[in-house]
Amino acid sequence: MSQPLKTYTRAEVAAASKEDLLVIINAKVYQLKTFAKFHPGGRHVLVELAGKDATKEFLAMHRVDVLRKYERLVVGVIAGEEKAAAANLWPAPASFSGVPFSESSAWMGMKSAYFTESHVAFRAAVRKTLEEIIGQQVFQLEESGKEPSLELFQKLGQAGIWAGRIGPGPALTLTPNGLPGGIAPKDFSFFHELIVHEEIAKLGCPGATDGLGAGLVIGLPPVIHFGSPETIAKFVPPVLAGDKRICLAISEAFAGSDVAAIRTTATKSPCGKFYIVNGTKKWITNGSFADYFVTAVRTGPAEAGAKGVSLLMIERSEGLATEKIITSYSPSAGTAFVTFDNVKVPVENLLGKENEGFKCIMANFNHERWMIIVGVLRGARLVVEECLKWAHQRIVFGRPLIAQPVIREKLGQMVAQLESVYNWTENITYQMCKMTYAEQTRYLAGPIALCKYQATRVALDISEKACQVFGGRAITRTGMGQVIERFQRAVKYAAILGGSEEIMLDLGMKQTMKYMPKNARL
């Protein structure tokens, strides 16, 4: 059991030897004598503050959660200020922030047409689960570029996180220990799934969190919706348990957004029991460590275009090789170049019907794009929270940064844009809850495409404004602006993955044209 901390008066701290390097931060007394030689800013910075209250100087240079790492340096508290010293200096990791607009309106005292107390409890359970299982690992993965371990995948699978990312349906019953918070699969909705995506995005490490199951979110639904019962039984449970990792392999260097132009081929073997797959895939998230590859292949002639495309579940096996692609965010995402060299795939691994894979791919895009919207908006919300905190904490020209009208204007624009597109996202999510899968495919492709465009535009603008608010700290990989730096490095991913902004606008209008009344005239 730890000993009670010594009580100091401020005069005693001031009278202490400079060599002892006692400083006060938030009513706690820190002894920095040993730490001084490791201080990144040098010993002299600490010597200047010895014997003083350094709270103001500390908060000008460091994030508050840095104190959590150095609790061992606390040697006492200031007499009469014990309550202040004992108070939490940061929110508990699994708690709600309380900073305006840091959570969606449903969590900030506003009434919601969509979220209930069940959702509030579910969000708290998911947040707590992620903190307990991932904790600070996510930052270590982001910076090191290491792939998430199989053990980490298994822990998240056992906690029901992977099942919580694939949407409602009978497949949820295949998860090992149920869903977070004990919610029953029959009560699980797309709003619950939205919460899981948001909580993962809230971790603020885009590369590492893409490494944590982005491939699963877009790769597993086609298996669930278009696989045979035998295929589902074989491949879905191990993925939900975290024992196997999965990715979606559609993009190719030559095809890009033109899915109908893919070149990877799948030819039937003479015995008719296998497809022999040859070709390459590029920019495949989680591909470097995936066990399963849901792959778009050409089974018909090239001139058949979309009508000659099929979708196969391919296991990592002889002839399948992956090589990491280093992108602008963390290599922890496992982005890969995939090569298929005479890979044998059992014909029963076909998803949907032969030469009708394009329909499966297009149907899957709605869910993928919706997930991208949810993730990028939650990342943008975290950026807004960081800016609000910083604007109140940062002192310039003798006043808090928030006192500057130009800063309040930037923050107001950020919030107004974010809340507008988030409300659209909530409405689309509600439609998903009320529509069948077929109805979603028919009616939501256009709205989701347009919403994705708007979400990525808003996220980019928020990123740019945040960089102006934080200044040089926004382009520094560690320290006060690290969340903004990571976000601005990754924000364009959402604008490209799942269909570029130009494609989204065009698709949205093409879908609109389908429903224009033939007799509509001015």
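Being a predicted model, the structure only gives us computed values, none of them experimental. (Residues numbered from 1 in each chain as written. Predicted model: local features only at pLDDT ≥ 70, side-chain atom pairs only at ≥ 80, totals over all residues. Heavy atoms only, no water.)

Digging into the pairing of strand β6 (residues 265-268)
Inference 1: Bridge analysis of β6 against strand β7 (residues 274-284) gives four bridges, and the strand direction is antiparallel. Residue pairing for β7: threonine 265 is matched across the bridge by asparagine 278. (Pairing = 2+ DSSP bridges. Helix = DSSP H or I, 4+ residues; strand = E, 2+ residues; numbered from the N terminus.)

Brief notes about the packing of aromatic side chains
Inference 1: Using the criterion set out here, one finds 13 aromatic pairs in the structure.
Inference 2: Ring geometry for tyrosine 114 and tyrosine 430: centres 5.6 Å apart, planes at 50°, overall tilted. Of the two residues, tyrosine 114 sits in the loop between α5 (82-86) and α6 (117-133) while tyrosine 430 sits in helix α14 (residues 405-434), which places them 316 residues apart along the sequence.
Inference 3: Aromatic rings pair up to connect Tyr114, Phe115, Phe191 and Tyr430 into one cluster.
Inference 4: A cation sits over an aromatic face here: arginine 245 above phenylalanine 153, 5.0 Å from the ring centre.
Inference 5: The ring of phenylalanine 365 is capped by arginine 369, whose NZ or CZ atom sits 4.3 Å from the centre of that ring. (Phe/Tyr/Trp six-rings, centres within 6.5 Å; stacked < 30°, edge-to-face > 60°. Lys NZ or Arg CZ within 6 Å of the ring centre and 35° of its normal.)

Some words on the nonpolar core
Inference 1: Core analysis: the largest hydrophobic core is formed by 106 residues, its most contacted members being Ile134, Leu156, Leu220 and Ile246.
Inference 2: Not counting chain neighbours up to four residues away, the residues in contact with leucine 220 comprise Ile166, Gly215, Val236, Val239, Leu240 and Ile246.
Inference 3: Residues Ala249, Val297, Leu312 and Ile314 belong to the second largest nonpolar core, which totals 18 residues. (Core = buried A, V, L, I, M, F, W, Y, C linked by side-chain atoms within 4.5 Å. Buried < 20%, exposed > 50% of the residue type's maximum accessible area, 1.4 Å probe, protein only. Contact = heavy atoms within 4.5 Å.)

Re the sheet that holds strand β3 (residues 28-31)
Inference 1: Pairing is mixed in the open sheet, where four strands are placed in the order β1-β4-β3-β2. Because the sheet does not close on itself, it has two edges, and the strands there are β1 (6-8) and β2 (22-25). The mean inter-strand angle of the sheet, taken between neighbouring strand axes irrespective of direction, is 40°.
Inference 2: Note: β1 against strand β4 (residues 74-78), three bridges, orientation parallel. Across the sheet, the residue bridging to tyrosine 8 is isoleucine 78, located in β4. (Axes fitted to C-alpha atoms, helices over the stretch in contact; angles between N-to-C directions.)

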